[in-house]
Amino acid sequence: MKLNELHVKLIAAARKHPPGEHVPYAFEQRIMSRLSARPAPNVWALWCRPLWQAAISCVAITALCGLWAYSNRPSTDGADNFSQVFEAAVLAPIGEHIEDAW
């Protein structure tokens, strides 16, 4: 139930019964102060919401990168082997060369 609706209902109920000796004024003030006070924020909820949002976006980016890598696979029809091309690229600066790598 919303706080404003509860406040309106309590005020309406209080207007039906005029103040008397059966309900002390201090008790009424304590109840009204509790209704108007805001609850303390949940620290775990404040931390968990951004973490879940970050986790969801990271999973989405990972899935998109995986799909992109899967769709851009090199063909296996006898073309250059990736390991040979990688070795040629890594070993080229030190003077070694693997023949037929390119």
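These numbers were taken from a predicted model, which means no experiment stands behind them.

Chemist: What am I meant to see in the overall build of the protein here?
Modeler: Each helix and strand counted, the protein has four helices and zero strands in total. Classification of the 102 residues of the protein by burial places 4% in the buried group. Within the structure as shown, the protein displays about 9800 Å² of accessible surface, and the carbon and sulfur contribution to it stands at 65%.

Chemist: Can you walk me through a nonpolar patch on the surface in this structure?
Modeler: Together, V43, L46, W47 and L51 make up an exposed nonpolar region whose accessible area comes to about 470 Å². Considering the arrangement of structural elements, one finds L46 in helix α3 (residues 43-71). Take L46: its relative accessible area is 53%, and that puts it in the exposed class.

Chemist: Hey, could you run me through α3 in this one?
Modeler: In an α-helix, one turn spans 3.6 residues; hence positions three or four apart end up facing the same way. For α3, which comprises 29 residues, the first-to-last C-alpha distance of 43 Å matches the rise-based estimate of 42 Å (1.5 Å per residue) to within 8%. For α3, the buried fraction is low: zero of the 29 residues fall into the buried class. By the N-cap criterion, in which a side-chain oxygen at the helix start approaches the backbone nitrogen of a residue two or three places on, α3 is capped by N42, the distance to W44 being 3.2 Å.

Thresholds, definitions, all that
- Residue numbers restart at each chain and count upward from 1, following the sequence in its written direction.
- Selection of residues for local features in this predicted model requires a pLDDT of at least 70, selection of side-chain atom pairs for listing and counting requires 80 or more, and totals for whole chains, interfaces and linings are taken over all residues.
- With hydrogens and water stripped out, all remaining heavy atoms of the structure feed into the side-chain values.
- The way it works is that DSSP assigns letters per residue, a run of H or I at least four long becomes a helix, a run of E at least two long becomes a strand, and they are numbered from the N terminus.
- The rule is simple: take the accessible area with a 1.4 Å probe, protein chains only, and divide by the maximum for that residue type; under 20% is buried, over 50% is exposed, in between is partly exposed.
- All accessible areas in this document rest on Shrake-Rupley with a 1.4 Å probe, and a residue is counted as covered only by the protein chains that are shown.
- Patch membership requires more than 30% relative accessible area and the absence of a salt bridge. Residues of like charge join within 9 Å; the nonpolar side chains Val, Leu, Ile, Met, Phe, Trp and Tyr join within 5 Å.
- We define a salt bridge as a side-chain nitrogen of Lys or Arg found within 4 Å of a carboxyl oxygen belonging to Asp or Glu.
- A helix's residues, less one, multiplied by 1.5 Å, set its expected span.
- We call two N or O atoms a polar contact when they sit within 3.5 Å, provided that within protein one can donate a hydrogen and the other can accept it, with sequence-adjacent residues counted only if both atoms are side-chain atoms.

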